[in-house]
Amino acid sequence: MSTHSLRNAGPDPGAGRAVPPASGGEPHSAQRLRYPAVIVLCLTQLILVIDNSVVNVALPQIRHALGFSATGLSWVVTSYALVFGGLVLLSGKVGSIIGPRRALLIGVSVFTVASALGGAATTPAMLIAARVLQGLGAALAAPGTLVLLMSITRPGPQRARAMSVFVLSIGIGAGLGLVLGGLLTTSLGWEWVMYVNVPVGLVVLAGVRLLVPEAPRTPARLDVGGAVASTVGMTALVHGLISAESQGWTGPPVLASFALAAAGLLALVLIERRHAAPVVPLEFFTRMRSAAPLLAMMLIPAGQAGFLYFAALFTQNALGFTPLQTGLSVLPFSAALLVTNLLTGRLVPRHGERIVGSLGMSALLLGLLWMSRIDAADTYAGGLLGPFVLLGLGAGLTVAPLTAVIMHQAPPAHLGAASSLNQGMQQLGGALGLAVMTTVYGGAGTGEAAAIATALTAGIVFPLLALTLFATWARPTTTAR
């Protein structure tokens, strides 16, 4: 669906009904929590999160059907992450200028069309192109979900409940993607891991147009220099982290990517210091109070990405599970996350984000530590079930308070930038954690279970650092009662 068609598709109940950000006051339209609007925004985030895990399960069939090489197959996953992570900072600024709701509608439209093209692909090049287009749509849509969620909620119990639902959609997405991918691949074929996004995308487009009002725009001149520098820097960094798994940390392409990322970061800092409307406001990183939650948001996915990856390896290679059984095995994680999400909305107003988030990060740390004790003789019940439950409890208590702190402390004019940084840090963190832990796994030189245990032991450092940063510098958005 084009931008023109979005503008001329008939009456738009949401257009022109801008809702000021709730962090700046308590507008009348935000007095009651708009549950239908929250659910639509969370569904948007859900399809973006599911997309990678649902495709992972179908990779063997995709390779056989389209004739991918062993190395080329990895680009089915990495091309999406590369474009998503590389463009998310730029897209957040674009969303602030044209309106986050409009940016979300355009992004979901691109994502939906790309999914249909991916399902119809007959060659590797066609599928990779569709995945790149999906990443572009996801990058444009993702920042708007949080900005719009902030605009229709007030700080306190209302926003805590909305954030809990939002985080639930992220947590469930990883496990649900594995189950859904296994079911679709087994029953209908690999094409349906792409086609499934089409009806869901259409529901999201209709729901956003009917239920979600536009948030205020931020009139500004697009920071072209900062946009180019941030896009080059983020893309190069994500590429380097992804490539490190297969080519080693000292491989020439990896070193070149990191050098380009460093150059992009330096250029970004120099440009943003002088620009009136920067893509990345530098004040986010001039104080640890604002920088620490963002860094923690990068470190949490770093540990979680490794846990899901190595759980899939252990269940299939050591326990002999099918892809569908692997997906079902992660359901205790999603169930535990659901339980704590139901509680987080009540716990945060009582105890504050710092206590609840720190408790969650402690559970994540203990869950990874427990899982790192895995042994070749372990069964699913003896080696994985307990860590899965503890990791789910920790995730449910962590991400909502952490996201609330990041978004609440951002000035209203920089909500789009804060949302983009939040999403970008998650993409970087996932790539960083997977690159580090798979490198440790590949160099362990021992049996499968022992190598996985060694990699997970290395991954403990991520939630440990996140806990230290968040517990030390995070400031609450509400007063605990």
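Engineer: Could you clarify how one ought to interpret the pattern of salt bridges in this entry?
Structural biologist: Pairs can form between side chains of opposite charge once their charged atoms are near each other. A complete count under the given rule lists one salt bridge for this structure. Between aspartate 51 and arginine 131 there is a salt bridge, with its nearest N and O atoms 2.3 Å apart. Taken together, the residues aspartate 51 in helix α2 (residues 35–66) and arginine 131 in helix α6 (residues 124–151) connect sequence positions 80 residues apart. Arginine 131 matches aspartate 51 in its accessibility class, with the two residues each being buried.

Engineer: Which parts of the structure should I look at to understand the packing of aromatic side chains?
Structural biologist: Working definition: an aromatic ring pair is given by the centre-to-centre distance plus the angle between the planes. Going through the model one piece at a time under the given rule, you end up with eight aromatic pairs. Considering the side-chain rings of phenylalanine 307 and phenylalanine 333, the 5.1 Å spacing of their centres and the 55° angle between planes classify their relative orientation as tilted. Here phenylalanine 307, found in helix α12 (residues 288–318), pairs with phenylalanine 333, found in helix α14 (residues 331–351); they are 26 residues apart in sequence, far enough to count as distant. Accessibility classification places phenylalanine 307 together with phenylalanine 333 in one group, the buried group. In this structure an aromatic cluster arises from ring pairing among Phe307, Phe321, Phe333, Tyr380 and Phe388.

Engineer: Whenever I open this one, a nonpolar patch on the surface confuses me. Can you help?
Structural biologist: Residues Leu222, Val224, Val228, Val232 and Leu260 make up a contiguous nonpolar surface patch of roughly 390 Å² in combined accessible area. Checked against the element boundaries, valine 224 lands in helix α10 (residues 224–247). With relative accessibility at 52%, the residue valine 224 sits in the exposed group.

Engineer: Got a minute to help me understand the packing of α10 against helix α18 (residues 415–443) in this structure?
Structural biologist: For any two helices packed against each other, one specifies the crossing angle of their axes together with the interaxial distance. Running from N to C, α10 and α18 point in directions that differ by 25°, and their axes come no closer than 7 Å. Our classification of the angle between α10 and α18 gives roughly parallel. When the axes of α10 and α18 are compared, the crossing they make is left-handed. Packed against α10, whose contacting residues are Met234, Leu237, Val238, Leu241, Ile242, Ala244 and Glu245, the element α18 presents Gly424, Leu428, Ala431, Leu432, Ala435, Thr438 and Thr439 at the interface. Grouping the constituent residues of the contact of α10 with α18 by class yields 10 nonpolar, three polar and one charged.

Engineer: Got a minute to help me understand the packing of α6 against α18 in this structure?
Structural biologist: Where α6 contacts α18, the axes come no closer than 8 Å and their chain directions differ by 130°. Judged by the angle between their axes, α6 and α18 are oblique. Classified by chirality, the crossing of α18 by α6 is right-handed. In contact with Ala142, Pro143, Thr145, Leu146, Val147 and Met150 of α6, α18 contributes Leu415, Gly416, Ser419, Ser420, Asn422 and Gln423. Here the residues of the contact of α6 with α18 are counted per class, giving six nonpolar, six polar and no charged.

Calculation rules
- Residues numbered from 1 in each chain as written.
- Predicted model: local features only at pLDDT ≥ 70, side-chain atom pairs only at ≥ 80, totals over all residues.
- Heavy atoms only, no water.
- Salt bridge = Lys/Arg side-chain N within 4 Å of Asp/Glu carboxyl O.
- Helix = DSSP H or I, 4+ residues; strand = E, 2+ residues; numbered from the N terminus.
- Buried < 20%, exposed > 50% of the residue type's maximum accessible area, 1.4 Å probe, protein only.
- Phe/Tyr/Trp six-rings, centres within 6.5 Å; stacked < 30°, edge-to-face > 60°.
- Patch = residues over 30% accessible without salt bridge, like charges linked within 9 Å, V, L, I, M, F, W, Y side chains within 5 Å.
- Areas by Shrake-Rupley, 256 points an atom, 1.4 Å probe, with all protein chains shown as cover.
- Axes fitted to C-alpha atoms, helices over the stretch in contact; angles between N-to-C directions.
- Parallel < 35°, antiparallel > 145°, perpendicular 65-115°, else oblique.
- Left-handed = near helix turned anticlockwise from the far one by under 90°.
- Contact = heavy atoms within 4.5 Å.
- Nonpolar A, V, L, I, M, F, W, Y, C, P; charged D, E, K, R; others polar.

Keep in mind these values describe shape, not function.
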